[in-house]
Amino acid sequence: MVAAVRVHKHGGPEVLTFEDIEVPAPGPGQIRIKQHACGVNYIDTYFRMGMYPSPVGMPFVSGNEGAGEVIAVGEGVTDLKVGDRVAYVVALGGYSAERLLPADRVVKIPPAISYEQAAGMMLKGMTAQYLLNRTYKVAKGSTVLMHAAAGGVGQILCQWANHLGATVIGTVGSKEKGEIAKANGCHHVIYYREEDFPARVKEITGGKLCDVVYDGIGKATFPASLDCLRPLGMFASFGSASGQIEAFNINILQTKGSLFATRPTLNNYVAKREDLIATANDLFNVVASGAVKIPINQKYALKDARKAHEDLEGRETTGSSILIP
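The text that follows walks through the structure, step by step, so that each part is easy to find. Bear in mind that the values here come from a model prediction, so they are computed numbers and not experimental data. (Residues numbered from 1 in each chain as written. Predicted model: local features only at pLDDT ≥ 70, side-chain atom pairs only at ≥ 80, totals over all residues. Heavy atoms only, no water.)

Quick look at the pairing of strand 9 (residues 143–146) now. Along strand 9, one buried face is formed by Thr-143 and Leu-145 and the opposite face, lined by Val-144 and Met-146, is buried too. Pairing of strand 9 with strand 10 (residues 167–172) involves four bridges; the strand directions are parallel. Looking at the pairing, Leu-145 lines up with Ile-169 of strand 10. Crossover connection from strand 9 via helix 3 (residues 152–163) to parallel strand 10: handedness right-handed. Where strand 9 meets strand 12 (residues 210–215), three bridges bridge the pair, whose relative direction is parallel. Bridging across to strand 12, Met-146 finds its partner in Tyr-214. (Buried < 20%, exposed > 50% of the residue type's maximum accessible area, 1.4 Å probe, protein only. Helix = DSSP H or I, 4+ residues; strand = E, 2+ residues; numbered from the N terminus. Pairing = 2+ DSSP bridges. Right-handed = clockwise from strand over helix to strand, strands pointing away.)

Written as structure tokens, this is what we have:
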């Protein structure tokens, strides 16, 4: 029996139950790992509330990200062995002291990356990687707008976009978060509670607006985010922290400048193993180089997962949060 945090019914943070579960021996193509750290992400709240359906039914172990060492290997697994340091992003099962994983969905952690770093960056960091390099190819001279610039994805994306030579504009909810965003590569900070962010973007850019808007907020920032884009600009809606964007008349994209709009998700970008490895390695390399730092600003014991969710949803967190089994 190992400690885990399960959801037996949908609801608020109070439905997260700390209990013991059985973890069987790994089957063909599987590995079993002892987790050293588990990532906490906003997507975890979507599964907990039922916004995203559980692919394994009820009850389920919460969490989508973690890092640990291989302690057992199933039949047919040839590229991993006991003792290997690995990390993953896999739907559900993350909040547990030990767990099974499909071997083809984990990546080896290089020596320069700690377990805590890996657990705090796999989902957020690989999200930043595909947003910057594949959803819209950011390069020197690009202008980007990042909502929630002091958040987990925000801090990584701002650093990385800055490293690529972009001008980075970020929205935040407080002066404290503004300082965090600036410290992580954000050139211009907009306080969305006090300022009209599309008007400020127009002012900052001298009317040229942005090449791309990265929006993990959702309902509260739409359609105003579209007014921050130059003609033919890209609106990338990758999260719904304030609620999902409702159906809209697609002609709005034409009237605002023949805009592009997409709702990407990491699973599609790393569905092929070669893409998973390439995305993870690009992330590991940029972190190991020092160009992007992974701020683990909140650490909780596994049994305190409820508190972690309360803080996350209360916008009391910055950077990455992890659970320690």
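In this section: the sheet that holds strand 4 (residues 60–61). Sheet architecture is open: three strands sit in the order 2-1-4, paired in antiparallel fashion. Strands at the two margins of the open sheet, each flanked by one partner only, are strand 2 (16–21) and strand 4. In this sheet, strand 4 lies alongside strand 1 (residues 2–7) in antiparallel orientation, the contact comprising two bridges. Bridging from a neighbouring strand, Val-7 pairs with Phe-60 of strand 4.

The final tally for this structure, using the stated rule, is 16 salt bridges. The residue Glu-19 makes a salt bridge to Arg-6 at a minimum N-O spacing of 2.6 Å. Here Glu-19 is found in strand 2, whereas its partner Arg-6 is found in strand 1, with 13 residues between them in sequence. On the basis of relative accessibility, which here comes to 17%, the residue Glu-19 falls in the buried class. Residue Lys-307 pairs with Asp-311 through a salt bridge whose shortest N-O separation is 3.0 Å. Of this pair, Lys-307 and Asp-311 both sit in helix 9 (residues 305–313), four residues apart, roughly one helical turn. Asp-311 gets classed as buried once you look at its relative accessible area, which sits at 12%. Through salt bridges with shared partners, a single network forms among Glu-195, Arg-200 and Glu-203. (Salt bridge = Lys/Arg side-chain N within 4 Å of Asp/Glu carboxyl O.)

With the rule as written, the count across this model stands at six aromatic pairs. Measuring from ring centre to ring centre gives 5.7 Å for Phe-47 and Tyr-52, while their planes differ by 85 degrees; the resulting arrangement is edge-to-face. Overall, the relative accessible area of 8% leaves Phe-47 in the buried class. Between Phe-222 and Phe-248 the ring centres are 5.0 Å apart and the planes differ by 50 degrees, which places this aromatic pair in the tilted class. Pair noted here: Phe-222 is in the loop between strand 12 and strand 13 (229–237) and Phe-248 is in the loop between strand 13 and helix 6 (251–255), with a separation of 26 residues, a long-range link. Overall, Phe-222 belongs to the buried group, its relative accessible area being 16%. Taking NZ or CZ as reference, Arg-85 lies 4.6 Å from the ring centre of Tyr-115, over its face. The ring of Tyr-191 carries Lys-175 above its face, with NZ or CZ at 4.0 Å from the centroid. (Phe/Tyr/Trp six-rings, centres within 6.5 Å; stacked < 30°, edge-to-face > 60°. Lys NZ or Arg CZ within 6 Å of the ring centre and 35° of its normal.)

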